[in-house]
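Per-entry structural report
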Amino acid sequence: MAIQSAAYVFDDNSREIERLETQARAIAPEAAWLLDSIGVQPGWKAADIGCGPIGILDLLAQRVGASGAVVGIERDKRFFDIERSVIARRGLHNIRMVLGDALTVELEPASFDLVHERLLLINVPVANQKAIIDQMLALLKPGGTIALQDYDRISYACYPEHPSWTALSNAYREAFEANGGTISTGRSLPRLLRDAGVQNISTKVHAAITERGDIRRMDALAMLEALHTKILTLGRFSPREFAAHKQALVEHLSDPDTLIVERLLVQAWGTKP
């Protein structure tokens, strides 16, 4: 039986678009580093799978140039429409958006020089991860590059420790995984590529400490808001208790003496035989 696409882990609310746009800005330098390390060339044809409302389409468009082409694939109509309006506003004529699911979208096979995903695999079960990688490889030319970027929460911590950080982090993990996400995806990327037969695999891990004023410093709260309904469904907190924990965490993260160690951003890439 064919694997069905997984539902989106996070709640469907207006703040989710803002969270994704903020996240994309925060990790744009790491994406640029990856594309430069791969050596994306003018004239390449590239695809960004599950690009969301921003993705890395602009970074790809700059590198492939007018002689190249970029295709963004997104299944959520809200995100699709936002990305299309951004493309039109910026005059990025070498980008084409396709509304469709990563597992079923119909694009010409073996026609791309680069196929990329960022923070897509982490949101789906392992079986879907493998199916998505197989689909990405099917789109690649022989010798083309597959590139993955996903978080791993193993490093995510604050110091001094705080009871509300611990309680909310545990609830987030439980709700995220109960709804199909896989928070340890980052560390598995090289293995996923090897198991799919990818060659010449490289891996880079980006780690960061966020100072006060860094747009990522309050990301833990944005992530909790994105899973608000699903966390409350677990029954571990009443709405009042959840709100009290979040307020305590706001105060702790606002203290300049609180150290935040970010999630690892793991990048893995290689070539199709």
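Because the structure is predicted, anything quoted here is derived from the model rather than measured. (Residues numbered from 1 in each chain as written. Predicted model: local features only at pLDDT ≥ 70, side-chain atom pairs only at ≥ 80, totals over all residues. Heavy atoms only, no water.)

1. Focus on the overall build of the protein
Rules: Helix numbers and strand numbers start at the N terminus; a helix is a DSSP run of H or I with at least 4 residues, a strand a run of E with at least 2. Each residue gets one of three labels from its accessible area relative to the maximum for its type: buried under 20%, exposed over 50%, partly exposed in between, using a 1.4 Å probe on protein chains only. Contact criterion: two residues are considered in contact whenever any of their non-hydrogen atoms come within 4.5 Å of each other. Per-residue and other accessible areas follow the Shrake-Rupley method at a 1.4 Å probe size, with only the shown protein chains counted as cover for residues. Note on charges: Lys and Arg go in the positive column, Asp and Glu in the negative column, and His and the chain ends are not counted at all. Think of each charge as sitting on NZ of Lys, CZ of Arg, CG of Asp or CD of Glu.
Regarding its fold elements, the protein presents ten helices and ten strands. Over its C-alpha atoms, taken along the principal directions, the protein stretches across nearly 55 × 45 × 35 Å. Relative to its full complement of 273 residues, the protein shows a buried share of 53%. Long-range contacts, defined as pairs at least 24 residues apart, comprise 82% of the intrachain contacts of the protein with a sequence gap of at least 6. For the protein, the accessible surface area stands at approximately 12,400 Å², while carbon and sulfur atoms represent 52% of it. Counting 30 positive and 34 negative side-chain charges, the protein places the averaged centre of each group 2 Å from the other.

2. As for helix α3 (residues 57-64)
Most of α3 is tucked away: six of the eight residues are buried. In the segment just after α3, Gly65 is the residue with positive phi, at about 70°.

3. Some words on the sheet that holds strand β4 (residues 112-118)
Defined as follows: By definition, two strands form a pair when at least two bridges between them are found by DSSP. The axes used here are C-alpha line fits, helices contributing only the stretch in contact, and every angle between their N-to-C directions lies in the interval 0 to 180 degrees.
Taken in spatial order, the seven strands make up an open sheet running β3-β2-β1-β4-β5-β10-β7, and their pairing is mixed. Since the sheet does not close on itself, it has two edges, and those belong to β3 (95-99) and β7 (199-206), each with one partner. Each adjacent strand pair in this sheet contributes to an overall mean axis angle of 15°, direction not counted. Taken together, the five bridges between strand β1 (residues 45-49) and strand β2 (residues 69-74) define a ladder with parallel strand orientation. Bridging from a neighbouring strand, Ala46 pairs with Val70 of β2. Running at roughly 165° to β2, α3 makes contact with β1, β2, β3 and β4 of the sheet.

4. A short note on the pattern of salt bridges
Defined as follows: We define a salt bridge as a contact between a side-chain nitrogen of Lys or Arg and a carboxyl oxygen of Asp or Glu at a distance within 4 Å.
The final tally for this structure, using the stated rule, is 14 salt bridges. Note that Asp81 and Arg84 form a salt bridge whose closest N and O atoms lie 3.6 Å from each other. Of this pair, Asp81 and Arg84 both sit in helix α4 (residues 77-90), separated by three residues, roughly a single helical turn. In this structure, the salt-bridge partner of Arg236 is Glu174, at a minimum N-O distance of 2.5 Å. Of this pair, Arg236 sits in the loop between α9 (228-233) and α10 (239-254) while Glu174 sits in helix α6 (residues 163-178), placing them 62 residues apart in sequence. You can call Arg236 exposed: its relative accessible area is 53%. Through salt bridges with shared partners, a single ionic network connects Lys77, Asp81 and Arg84.

5. Examining the side chain of Asp113
In this structure, Asp113 sits in strand β4. Residue class for Asp113 comes out buried when judged on its relative accessible area of 15%. Residues within four places of Asp113 in sequence aside, it is in contact with Gly43, Trp44, Lys45, Leu140, Lys141, Gly144 and Thr145.

6. Quick notes on the nonpolar core
In a soluble, globular protein the nonpolar side chains are often hidden away together inside. Rules: Put simply, a nonpolar core is a bunch of buried Ala, Val, Leu, Ile, Met, Phe, Trp, Tyr and Cys residues held in one set by side-chain atoms that sit within 4.5 Å of each other.
Formed by 30 residues in total, the largest nonpolar core has its most connected members in Ile49, Ile73, Leu107, Val115, Ile146 and Leu148. Looking at this core, the elements with two or more residues in it are β1, β2, β4, α5 (126-139), β5 (140-152), α7 (185-195) and β10 (264-271). If one sorts the elements of this core by residue count, α5 sits on top with six residues. For Ile146, the contacting residues outside a window of four places in its chain are Val115, Ile133, Met136, Leu137, Leu140, Leu193, Val198, Ala268, Trp269 and Gly270.

7. Things to note about helix α2 (residues 28-38)
Along α2, the residues classified as buried are Glu30, Ala31, Ala32, Leu34, Leu35 and Ile38. Of the residues flanking the end of α2, it is Gly39, one or two places downstream, whose phi is positive at about 85°.

8. Points about empty space enclosed by the protein
Going by this rule: Definitions used for this entry: grid spacing 1 Å over protein atoms alone; cavity, a set of points where a 1.4 Å probe fits but cannot get out; pocket, an open set with protein on both sides within 12 Å along at least 5 of 7 lines; lining residue, one with an atom within 4 Å of a point. Grid points are joined across faces, edges and corners, and a volume is the space filled by probe spheres set on the points.
Taken as a whole and assessed by the stated rule, the structure comprises two cavities of 30 Å³ or more. Here the largest cavity is characterised by a volume of approximately 70 Å³. Mapped onto the lining of the largest cavity, the elements with two or more residues apiece are α6 and α8 (219-226). Tallying contributions element by element places α6 first for the lining of the largest cavity, with four residues. Approximately 60 Å³ is the volume found for the second largest cavity.

9. Structural notes on the sheet that holds strand β6 (residues 157-159)
Spatial ordering of the open sheet is given by β6-β9-β8, a layout of three strands whose pairing is antiparallel. Only two strands of the sheet have a single partner each, and these edge strands are β6 and β8 (209-210). Pairing between β8 and strand β9 (residues 259-261): two bridges, direction antiparallel. Residue Thr210 lies in a different strand from β9, and its bridge partner there is Ile260.

10. A closer look at the packing of α8 against α10
When two helices pack together, their arrangement is given by the angle between the helix axes and by the axis-to-axis distance. The condition is simple: Oblique is the label for every angle not falling under 35 degrees (roughly parallel), over 145 degrees (roughly antiparallel), or within 65 to 115 degrees (roughly perpendicular). By definition, turning the near helix anticlockwise from the far helix through less than a right angle yields a left-handed crossing, and turning it clockwise yields a right-handed one.
Two numbers describe how α8 lies on α10: the axes approach to 10 Å, and their chain directions differ by 165°. Our classification of the angle between α8 and α10 gives roughly antiparallel. The handedness of the crossing between α8 and α10 comes out as left-handed. Between α8, through Leu221, Leu224 and Glu225, and α10, the contact on the second element is made entirely by Phe242, Lys246, Leu249, Val250 and Leu253.

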